[in-house]
Amino acid sequence: QVQLVESGGGLVQPGGSLRLSCAASGSIFSINAMGWYRQAPGKQRELVATAPSGGSANYADFVKGRFAISRDNAKNTVYLQMNSLKPEDTAVYYCNADVRSFYGGSWRSYWGQGTPVTVSS
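Note that this is a predicted model, so its numbers are computed, not measured.

Calculation notes
Residues numbered from 1 in each chain as written. Predicted model: local features only at pLDDT ≥ 70, side-chain atom pairs only at ≥ 80, totals over all residues. Heavy atoms only, no water. Helix = DSSP H or I, 4+ residues; strand = E, 2+ residues; numbered from the N terminus. Buried < 20%, exposed > 50% of the residue type's maximum accessible area, 1.4 Å probe, protein only. Core = buried A, V, L, I, M, F, W, Y, C linked by side-chain atoms within 4.5 Å. Salt bridge = Lys/Arg side-chain N within 4 Å of Asp/Glu carboxyl O. Pairing = 2+ DSSP bridges. Axes fitted to C-alpha atoms, helices over the stretch in contact; angles between N-to-C directions.

Asks: I keep staring at unusual backbone geometry and nothing clicks. Help me out?
Replies: A negative phi angle is the norm for most residues apart from glycine, just as the trans form is the norm for most peptide bonds. Located in the positive-phi region is Asn-76, a residue other than glycine, with phi close to 50°. Examined against the element boundaries, Asn-76 turns out to sit in the loop between strand S7 (67-72) and strand S8 (77-82). Of note, Ser-84 is a non-glycine position whose phi angle comes to about 50°, a positive value. Overall, Ser-84 belongs to the partly exposed group, its relative accessible area being 40%.

Here it is as structure tokens:
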């Protein structure tokens, strides 16, 4: 089994910054893509940013230039640096990872429990 644990959410004023972290643990042989999604009240979950194991990161248009995703593969951890936050960024942010638990095994997608981010004055 694989667990993803997010941290770093909270209340921040408009224009402020937060850094989210997500650590993967458990039966991990390798991790492919890691990413962040968010779900605002009454809305569907949406992609924020993804970071493949190799190659360039991918961002939703609404966060380009404000958010940055990064990975520490040695720690199986993905980060989301969020700057210039807006009230519309308020949501629960979820971490996602595609994990292979043993050599030759299939890839499975795992989700964290979510960390709330509230942008308000």
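Asks: Please explain the nonpolar core as it appears in this structure.
Replies: One broad rule of soluble globular proteins: the nonpolar side chains tend to lie buried together. If you look at the biggest cluster of nonpolar residues, it comprises 30 residues, and the most contacted ones within it are Trp-36, Val-48, Phe-67, Leu-80, Met-82 and Tyr-93. Of all the secondary-structure elements, those providing two or more residues to this core are strand S1 (2-7), strand S3 (18-26), strand S4 (30-39), strand S5 (46-51), S7, S8, strand S9 (91-100) and strand S11 (115-119). Here this core gets five residues from one element, more than from any other, and that element is S9.

Asks: Would you mind going over the pattern of salt bridges with me for this structure?
Replies: Close approach of charged atoms allows side chains of opposite charge to pair. Using the criterion set out here, one finds four salt bridges in the structure. Residue Glu-46 pairs with Arg-38 through a salt bridge whose shortest N-O separation is 2.9 Å. For Glu-46, a relative accessible area of 31% corresponds to the partly exposed category. For the salt bridge of Asp-61 with Lys-64, the shortest nitrogen-to-oxygen distance reads 3.2 Å. One salt-bridge network, in which partners are shared between bridges, spans Arg-38, Glu-46, Arg-66 and Asp-89.

Asks: What am I meant to see in the sheet that holds S8 here?
Replies: To summarise the sheet geometry, strands pair through backbone hydrogen bonds and adopt either a parallel or an antiparallel arrangement. Taken together, four strands build an open sheet; the order of strands is S1-S3-S8-S7 and the sheet is antiparallel. With partners counted over all chains shown, the strands left at the sheet margins are S1 and S7, one partner each. Between one strand and the next, the sheet's axes are offset by a mean angle of 15°, whatever the strand orientation. One ladder, built from six bridges, connects S1 with S3; its direction is antiparallel. Within S3, the position partnered with Val-2 by the bridge is Gly-26.

So far we have only geometry, and geometry alone does not tell us how the molecule works.
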